[in-house]
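Overview (structure and organization)
What follows is the residue order along each chain.
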Amino acid sequence: MSNAHNDSSSFWSGKRVVVTGGSGFLGSFVVDKLRKRGASELIVPRSSDYDLRDKNAIHRLFQDSMAQRDLSDVVIIHLAANVGGIGANRAHPAEFFYDNLMMGVQLMHESWRLGVGKFVAIGTVCAYPKMTAIPFVEDDLWEGYPEETNAPYGLAKKMLLVQSQTYREQYGFNSEFNLRTFVRGTLRLDGWAEAWQD
């Protein structure tokens, strides 16, 4: 039996793939998998060059990386996020809400407006209600308020699900929302280790 990803090189052929957050923990693994599956035109914008909270920076990203391109051949995988542990979430709930909401909502809107072929938003387990039964099931996503410490981050990400559904329904925009439930590990970058658990 063959794995579906073994035949995916034809899908990625001729596509330009923009992976926001592509140099982070999850993003670096996604970029590596995309390369292995045949994506050769990968763009990993850095936050120091493109502050995705700023609509003008999003426009510059499109101009710099997609000029002279048929945008229907562009795939955006939005992994960029302002994230942190419990202490950071308690100390900076407004920043976690605002930064994540603005990055995602504006990037998806501009992608739709300019005719991007596919937009993939990544969610978080922090969007689930505080008292969700384990194992998590998608039907429980709207059954209550998230755990208070993570709620600003989780709700900001959850709004991308709403946006994706409504843009697909009203505009026919090819968008999807993938909800990851748990990521853990260590990645070594330039002599330092980044540990992650979400």
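The structure under discussion appears in the preceding block.
Remember, it's a predicted structure, so these values are computed and weren't measured experimentally.

Before going further, it helps to spend a moment on the sheet that holds strand β1 (residues 16-20). Here five strands make up an open sheet; going across it, the order is β2-β1-β3-β4-β5 and the pairing parallel. Of all the strands in the sheet, just β2 (41-43) and β5 (175-178) have a single pairing partner and so form its edges. Neighbour to neighbour, the strand axes of the sheet diverge by 15 degrees on average, direction disregarded. Pairing of strand β4 (residues 118-122) with β5, which is carried by four bridges, proceeds in the parallel orientation. Looking at β5, one finds that alanine 121 is bridged to phenylalanine 177.

Taking 1.5 Å as the rise per residue, helix α2 (residues 25-36) with 12 residues should run 16 Å; its terminal C-alpha atoms sit 17 Å apart, in good agreement. Along α2, the residues classified as buried are Phe25, Gly27, Ser28, Val31 and Leu34. Within two residues after α2, glycine 38 carries a phi angle of roughly 105 degrees, on the positive side.

Running from amino to carboxyl end, helix α3 (residues 55-66) crosses helix α5 (residues 93-114) at an angle of 45 degrees, the nearest separation of the two axes being 10 Å. By the angle between their axes, α3 is oblique relative to α5. Along this stretch, α3 crosses α5, giving a crossing that reads as right-handed. Facing α3, whose interface residues are Lys55, Ile58, His59 and Phe62, α5 presents Gln106, Leu107, Glu110, Ser111, Arg113 and Leu114. Class assignment for the residues of the contact of α3 with α5 results in four nonpolar, three polar and three charged.

Before going further, it helps to spend a moment on the packing of aromatic side chains. Aromatic ring pairs are described here by two measures, namely the spacing of the ring centres and the angle between the planes. Using the criterion set out here, one finds five aromatic pairs in the structure. Here tryptophan 112 and tyrosine 167 contribute two aromatic rings whose centre-to-centre distance is 5.7 Å and whose plane-to-plane angle is 80 degrees, an arrangement assigned as edge-to-face. Here the residue tryptophan 112 occupies a position in helix α5, and tyrosine 167 occupies one in helix α6 (residues 151-171), the gap between them amounting to 55 residues. Tryptophan 112 gets classed as partly exposed once you look at its relative accessible area, which sits at 25%.

Turning our eyes to something else, we now look at the pairing of strand β3 (residues 74-78). In terms of burial, β3 is largely enclosed, as five of its five residues are buried. Taking every second residue as pointing to the same face, both faces of β3 are buried, with Val74, Ile76 and His78 on one and Val75 and Ile77 on the other. Across five bridges, β1 lies against β3 in parallel orientation. By the bridge assignment, valine 17 is partnered in β3 with valine 75.

Right, let's talk about the nonpolar core for a bit. Ranked by size, the top nonpolar core spans 27 residues in total, and within it Leu52, Phe62, Met66, Ile76, Leu107 and Phe119 carry the most contacts. Elements with a minimum of two residues in this core: α3, β3, α5, β4 and α6. With four residues, α3 is the single largest residue contributor to this core. If we skip the residues at most four places from it in the chain, methionine 66 touches Arg16, Val18, Leu61, Leu71, Val74 and Ile76. Trp12, Val17, Leu34 and Ile122 belong to the second largest nonpolar core, which has 12 residues in total.

About the thresholds
Residues numbered from 1 in each chain as written. Predicted model: local features only at pLDDT ≥ 70, side-chain atom pairs only at ≥ 80, totals over all residues. Heavy atoms only, no water. Pairing = 2+ DSSP bridges. Helix = DSSP H or I, 4+ residues; strand = E, 2+ residues; numbered from the N terminus. Axes fitted to C-alpha atoms, helices over the stretch in contact; angles between N-to-C directions. Expected span 1.5 Å × (residues − 1). Buried < 20%, exposed > 50% of the residue type's maximum accessible area, 1.4 Å probe, protein only. Parallel < 35°, antiparallel > 145°, perpendicular 65-115°, else oblique. Left-handed = near helix turned anticlockwise from the far one by under 90°. Contact = heavy atoms within 4.5 Å. Nonpolar A, V, L, I, M, F, W, Y, C, P; charged D, E, K, R; others polar. Phe/Tyr/Trp six-rings, centres within 6.5 Å; stacked < 30°, edge-to-face > 60°. Core = buried A, V, L, I, M, F, W, Y, C linked by side-chain atoms within 4.5 Å.

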